[in-house]
Structures are given as C-alpha cells and as structure tokens.
Amino acid sequence: MRDQLNRTLHLKEIPKRIVSLVPSQTELLCDLGLESALVGVTKFCVHPHHIRTYATVVGGTKQIHLEKIKALHPDIILCNKEENTKAIVDMCQDICPIHVSDIYSVEDSLELIKMYGKIFNKAHVAHSIIKRINSEKDVFENEAKVYSNFKTVYFIWKNPWMVAGSNTYIDYMMHLNKFENVFKNLERYPEINFSKPEINKGVELVLLSSEPYPFKMKHQMELQEVYPNAKIVLVDGEMFSWYGSRLIKAFPYFKTLGSSLHHSQP
C-alpha cells in the first residue's frame, strides 16, 4: 500500500495495534470502530474525550516519547505531514510501518478515509462516513450559493500574531465558506505586523480560532481596535482544521455560521 506522500507501506496483515500521532485521525479511527485497537495517542487527542484513559499517551504531535511507543509494540503508526515532523517519522520508521497523511482539501480527507478503510478492513464503515460527509457538504454548498464573499482574516496565534495563509487546509475551508483570505498571497502561517497601514485595509471579517491558541472575548475586543470596520467572530477551530469524520459536524456548523453572518448584515 501507499500513503498520501506516495510512500510504500509493507503490511503482512491487518494492523491490530495502532498508534495515532494526529488528533483528528484518532477521532476518525474511533468512528471507524477501531477504538479498541488504539494503543497509543497524543495528549491532544481529545475526541472521543475518554480515549486517553484507554490508550497510552505517547507525547504530543511535535515531541514524542519514542521508548513509550516501542513498548506498545504497534503494528502501524499514523502521522500527518503538517502535524508531525519528518524527524518523528524517521525515528518511528524502525519500529513498524508508518502511514503519513497529507491533507489540503476535503477530497484529500475523503481519500484518507478510504485508505484507512482498506488498511484496517473497515471499507464498509469508511464508505458510510464518506457518504454522510458528501451529503452534509451538498446541503451546505446549496445554501452557500447565495452567500456573498467576506474579506477575511483568520487568526491562529497571539504573541506573535499569526494567521492562516495559502497552502493550508484552513485556507481551503475558508474558500468553501466564501471567506476571501486577505493573506492568500502569503503561504502557511505567517506572522503579521499591526503597524503596517495596509493590515486592516478592506477587512470585513476577522475569525478568531479556538485552537491552537484559545482566543477569548477579550481578544475580540482587542482586535476590534485594529479592525474597527470589521466583524470579529470567535469560531470553533476544530471545524476549520480537523479533517476526517469531523467533516460530518463541520458542514452543519458552517451552515449555521454562514446564516448568522449574512442575516446580521445591515
């Protein structure tokens, strides 16, 4: 088999002991019915909320306890190109086969679900999840046809202030919502400088993500001074940055968010 980086995986049988180093992929595995096969997860794997009481916590997404992972004798380790470093993938390579996902769109996410269905002999469940996602996506996109574009900034961090730029999954999800990314000319997650006069030029909407930085109401008020003519909104970051089965919940969330934003327009 091959992963989303076109790396070859040699699997002698269906993996029975899984280590997941990506929170959204942990959630997907559980929704595929593989919760009992998860032997290792990260400290950020919070869905389902009880998973860290059943599986061993082996570190975070950027720093892992290699000896803990070795002691679990996994049959496969699941990583992601953005969430995990190449060093982590290289370190784990000698333990067992590594599958690396690479997600920039809904289509990439559906491909990953299909891959997991094949790898873990859960093709029927994977097909059902994909069908539900496509159904929710169709409902949302039908409603979004009447939406107008908002010139939007999506903040992910403070001190330094950082935003989502192009070549990211968040940017893709913004585009689906007709949130025109003001920083689409910059890649990945650039730092921005509020002292530059063009920073608030034409911005109509500012989205403050709940993760990785936990933005609150006080930050909303702080940024209103920077963007006096924009609407500042706190949003669920998991809906914009988690892929996999989370998309079943994401599209109804976007439908509600879009309806709220457009109905509140003068």
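What comes next concerns the included structure. Predicted model only: the values in this text are computed from it and were never measured.

Moving on: the overall build of the protein. Summing up its helical and strand segments, the protein has ten helices and ten strands in all. Taking 18 Å as the expected radius of gyration for a compact globule of 266 residues, we find that the protein reaches 20 Å, a close match to that expectation. Its C-alpha atoms give the protein principal-axis dimensions of roughly 60 × 40 × 35 Å. Relative to its full complement of 266 residues, the protein shows a buried share of 51%. Accessible surface computed for the protein: about 13,200 Å², of which carbon and sulfur atoms make up 52%. Distance between charge centres in the protein, computed from 32 positive and 30 negative side chains, equals 2 Å.

Our next topic: the packing of aromatic side chains. Per the stated rule, a full pass over the model turns up 16 aromatic pairs. Look at tyrosine 213 and phenylalanine 215: their rings are 4.8 Å apart centre to centre, the planes differ by 50°, and that puts the pair in the tilted class. One aromatic cluster is present, built from ring pairs that chain together Phe155, Trp157, Trp161, Phe194, Tyr213, Phe215 and Tyr227.

Here we come to the state of the cysteines. Should the sulfur atoms of two cysteines be covalently bonded, the bond is a disulfide. Counted by the stated rule, this structure contains zero disulfides. You can see cysteine 30 has no disulfide; the closest cysteine sulfur is in cysteine 45, sitting 8.7 Å from it.

This part covers the packing of helix α1 (residues 23-31) against helix α5 (residues 106-119). Packed helices, taken two at a time, are described by the angle between their axes plus the distance between the axes. Across the interface, α1 lies against α5 with an axial gap of 11 Å and an inter-helix angle of 50°. Classified by the angle between their axes, α1 and α5 sit oblique to one another. Along this stretch, α1 crosses α5, giving a crossing that reads as right-handed. Residues Gln25, Leu28 and Leu29 of α1 form the contact with α5, whose own contacting residues are Leu112, Ile113 and Tyr116. Grouping the amino acids of the contact of α1 with α5 by side-chain chemistry returns five nonpolar, one polar and no charged.

Once that is clear, we can look at the sheet that holds strand β5 (residues 98-101). If you walk across this open sheet you meet the five strands as β3-β2-β1-β4-β5, and the pairing is parallel. Every interior strand has two partners, whereas the edge strands, β3 (56-57) and β5, have only one. Inspection of the sheet shows strand β1 (residues 18-20) paired to strand β2 (residues 38-41) by two bridges, in the parallel sense. The partner of valine 19 across the bridge, within β2, is glycine 40. Lying over the sheet, α5 contacts β4 (76-80) and β5, oriented at roughly 160° with respect to β5.

Now for the nonpolar core. Membership of the largest hydrophobic core comes to 57 residues, with the highest contact counts inside it found for Ile18, Phe120, Tyr154, Met173, Phe179 and Phe240. Looking at which element gives the most residues to this core, the answer is helix α10 (residues 247-263), with seven residues. Setting aside residues up to four positions removed in sequence, tyrosine 154 forms contacts with Met162, Val163, Ala164, Ile170, Met174, Leu207, Ser209, Val235, Gly237 and Phe240. Formed by 17 residues, the second largest nonpolar core is a distinct cluster that contains Trp161, Tyr213, Ala230 and Ile232.

Running from N to C, helix α6 (residues 123-144) and α10 cross one another at 10°; their axes reach a closest spacing of 8 Å. As summarised for this structure, α6 and α10 are arranged roughly parallel, according to the angle between their axes. On α10, the residues that touch Ile129, Arg132, Ile133, Glu136, Lys137, Val139, Phe140 and Glu143 of α6 are Leu247, Ile248, Phe251, Pro252, Phe254, Lys255 and Ser259. Grouping the constituent residues of the contact of α6 with α10 by class yields nine nonpolar, one polar and five charged.

With that settled, consider the environment of lysine 131. Within the element layout of this structure, lysine 131 appears in helix α6. Spatially, the C-alpha atoms of lysine 131 and asparagine 167 are 26 Å apart, while their sequence positions differ by 36 residues.

Handedness of the crossover joining β1 and β2 through α1 is recorded here as right-handed. In this structure, β2 lies alongside β3, joined through two bridges in parallel fashion. Note on β3: the bridge partner recorded for glycine 40 is threonine 56.

Each value, and the rule that gives it
- Residues numbered from 1 in each chain as written.
- Predicted model: local features only at pLDDT ≥ 70, side-chain atom pairs only at ≥ 80, totals over all residues.
- Heavy atoms only, no water.
- Helix = DSSP H or I, 4+ residues; strand = E, 2+ residues; numbered from the N terminus.
- Rg over C-alpha atoms; globule rule 2.2 N^0.38 Å.
- Buried < 20%, exposed > 50% of the residue type's maximum accessible area, 1.4 Å probe, protein only.
- Areas by Shrake-Rupley, 256 points an atom, 1.4 Å probe, with all protein chains shown as cover.
- Lys, Arg positive; Asp, Glu negative; His and termini not counted.
- Charge placed at Lys NZ, Arg CZ, Asp CG, Glu CD.
- Phe/Tyr/Trp six-rings, centres within 6.5 Å; stacked < 30°, edge-to-face > 60°.
- Disulfide = S-S within 2.5 Å.
- Axes fitted to C-alpha atoms, helices over the stretch in contact; angles between N-to-C directions.
- Parallel < 35°, antiparallel > 145°, perpendicular 65-115°, else oblique.
- Left-handed = near helix turned anticlockwise from the far one by under 90°.
- Contact = heavy atoms within 4.5 Å.
- Nonpolar A, V, L, I, M, F, W, Y, C, P; charged D, E, K, R; others polar.
- Pairing = 2+ DSSP bridges.
- Core = buried A, V, L, I, M, F, W, Y, C linked by side-chain atoms within 4.5 Å.
- Right-handed = clockwise from strand over helix to strand, strands pointing away.

These figures capture arrangement, not role.
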